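# Results of the structural survey
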Amino acid sequence: MPHKVSLSRLKLTDFRNYAAAALTLDGRHAVLTGDNGAGKTNLMEAVSLLSPGRGLRRAAYGDITRVGAAGGFSIFAALDGMEGDVEIGTGIETSEETTARRLRINGTTAKTADELTDHLRLLWLTPAMDGLFTGASSDRRRFLDRLVLSLDPAHGRRASDFERAMRSRNKLLDEGRFDPSWHAGIEEQMASLGIAMALARQEMLGLLTRLIEESRESSPFPSASLQLSGFLDGQFSRPSVDLEDDYAAMLAESRYRDAGAGRTLEGPHRADLIVHHREKAMEAERCSTGEQKALLVGLVLAHARLVGNLTGHAPILLLDEIAAHLDEGRRAALFDLIDGLGGQAFMTGTDRAMFSALGDRAQFFTVADGRVFE
Ligand SMILES: Nc1ncnc2c1ncn2[C@@H]1O[C@H](COP(=O)(O)OP(=O)(O)OP(=O)(O)O)[C@@H](O)[C@H]1O
């Protein structure tokens, strides 16, 4: 069983609808129940900001600050983390738009938010992700990149460096500048970063596929088969240096075409994650709403198991309204599966009775009007 990483304290100030709130957790799962609009998802969002990036809503930091607050928001958390006890403080100073947040780990300012991944890994599933299989490919790419990131923290830097290089190339093309040496430098950089990104995604899918196959029999959820499409299709077994050379050559050849299109038409930014319902041999997008949800839950839990196996530390799970729409038997099976992952899960719902099968495996909190109590 992987080591359990668990939050023991959470304090919020001027965060969404919380002027001030504090939770003391005892290491079990945390169930948050309350009416619509009470602040359950806001609490999950606060926990999600203990990972790099903009959290589970991908919100602008300025929007997170409580309306009417004089300054910015802050989050404080204490946890038994991957390297032992740790205290994390994060937030922004003013409610004005900002792209950076302050981050202190054990009282020391962190250089980058990537340092958070030394202490905990977080995975989430929210109702906003329900349309993942039918929605835009950019959402699936982001989902996939989050999966990669939770195992390979360098993936985020790679992706943002690739984006930056691609923007420079697009700008040169837009300005009608076709200086071969300028382009070659940028395109070489794009090739090395882009191929590394694609290979990291492919490796992640390979690991996940193997794990899904191994646990197929015991899972109450349908199993997904996963493929990347749209970039390097069928070429992943080739040496990466050859892939880099080919991609750089492809970029060099397509300068005029890309200038006409106003963007770079080939690359890891065009890849898509293709998911099939394995037992039905059906594309996920053609499955029913309930089947899609079950596939997604199965996928996220398989990934949580993978992170636990590979890092030796179970990730913290944020599962927003996960038990809704499930019958009693399926809910109980789901809770057993979540508990069996060995980590701490945060779960929300409107009705406490929905979580009764968790019994004393969970600590129950009531959320009402921006207040939270046991
Ligand atoms: N920056 C903000 N300042 C103050 N209130 C905010 C801010 N952002 C969001 N809210 C409010 O927070 C409230 C709680 O939102 P949240 O999404 O957490 O509810 P919830 O308990 O998850 O509800 P549901 O069951 O409907 O999903 C909403 O009424 C929303 O208007």
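Residues numbered from 1 in each chain as written. Predicted model: local features only at pLDDT ≥ 70, side-chain atom pairs only at ≥ 80, totals over all residues. Heavy atoms only, no water.

Attention shifts here to the UniProt feature "binding site: ATP" (unreviewed entry) in the chain. UniProt marks Gly-34, Asp-35, Asn-36, Gly-37, Ala-38, Gly-39, Lys-40 and Thr-41 with the feature "binding site: ATP" (unreviewed entry), using the numbering shown here. Secondary-structure assignment places Asp-35 in the loop between strand 4 (29-33) and helix 1 (40-48). Judged by its relative accessible area of 59%, Asp-35 is exposed. If sequence neighbours within four positions are ignored, Asp-35 has contacts with Lys-40 and Val-367. With respect to the secondary-structure elements, Lys-40 resides in helix 1. Setting aside residues up to four positions removed in sequence, Lys-40 forms contacts with Tyr-18, Leu-32, Thr-33, Gly-34, Asp-35, Thr-348, Gly-349, Thr-350 and Val-367. (UniProt positions renumbered as here; feature names shortened; annotations may be inferred. Helix = DSSP H or I, 4+ residues; strand = E, 2+ residues; numbered from the N terminus. Buried < 20%, exposed > 50% of the residue type's maximum accessible area, 1.4 Å probe, protein only. Contact = heavy atoms within 4.5 Å.)

Moving on, we come to the site of the ligand. Around the ligand there are 17 residues in total, and Gly-37, Lys-40, Thr-41, Asn-42 and Arg-57 lie nearest to it. For the ligand, an oxygen atom lies 2.8 Å from a polar atom in the backbone of Lys-40. Here Asn-42 contributes a backbone N or O atom positioned 2.8 Å from an oxygen atom of the ligand. Starting from 660 Å² of accessible surface for the ligand in isolation, the protein chains cover 70%. Looking at the shell around the ligand, the element that brings in the most residues is helix 1, giving 3 residues. Per-class residue counts for the shell around the ligand are 3 nonpolar, 7 polar and 7 charged. (Near = heavy atom within 4 Å. Polar contact = N/O pair within 3.5 Å; in protein donor to acceptor, adjacent residues only side chain to side chain. Areas by Shrake-Rupley, 256 points an atom, 1.4 Å probe, with all protein chains shown as cover. Nonpolar A, V, L, I, M, F, W, Y, C, P; charged D, E, K, R; others polar.)

Our focus in this paragraph is the layout of surface pockets. Of the voids in this model, the second largest pocket is the one considered here, and its volume is about 370 Å³. In this structure, the second largest pocket is lined by 16 residues; those nearest its centre are Gly-290, Lys-293, Ala-294, His-325 and Leu-326. Among the elements that make up the lining of the second largest pocket, the one with the highest residue count is helix 8 (residues 289-311) (5 residues). By residue class, the composition of the lining of the second largest pocket is 10 nonpolar, 3 polar and 3 charged. (1 Å grid on protein atoms, 1.4 Å probe; cavity = no way out; pocket = protein on both sides within 12 Å on 5 of 7 lines; lining within 4 Å. Points joined across faces, edges and corners; volume = space filled by probe spheres on them.)

In this section: the sheet that holds strand 8 (residues 108-109). Taken together, 6 strands build an open sheet; the order of strands is 3-2-5-6-7-8 and the sheet is antiparallel. Two strands lie at the open edges of the sheet, namely strand 3 (18-24) and strand 8, each paired on one side alone. Bridge count for strand 2 (residues 6-15) against strand 5 (residues 74-81) is 7 bridges, and the pairing is antiparallel. Across the sheet, Thr-13 pairs through a bridge with Ser-74, a residue of strand 5. Each of strand 2, strand 3 and strand 5 touches helix 1; the most contacted strand, strand 2, lies at about 110 degrees to it. (Pairing = 2+ DSSP bridges. Axes fitted to C-alpha atoms, helices over the stretch in contact; angles between N-to-C directions.)

A separate point is the sheet that holds strand 12 (residues 282-283). Pairing is antiparallel in the open sheet, where 3 strands are placed in the order 10-11-12. Each end of this open sheet is capped by a strand with a single partner; those strands are strand 10 (224-229) and strand 12. Where strand 11 (residues 272-277) lies against strand 12, 2 bridges are found, and the strand directions are antiparallel. Its bridge partner lying in strand 12, His-276 is registered against Glu-283. In the packing of helix 3 (residues 137-149) onto the sheet, the strands contacted are strand 10 and strand 11, and the crossing angle to strand 11 comes to about 85 degrees. Packing against the sheet, helix 5 (residues 180-214) makes contact with strand 10 and strand 11, and its axis sits at approximately 165 degrees to strand 10.

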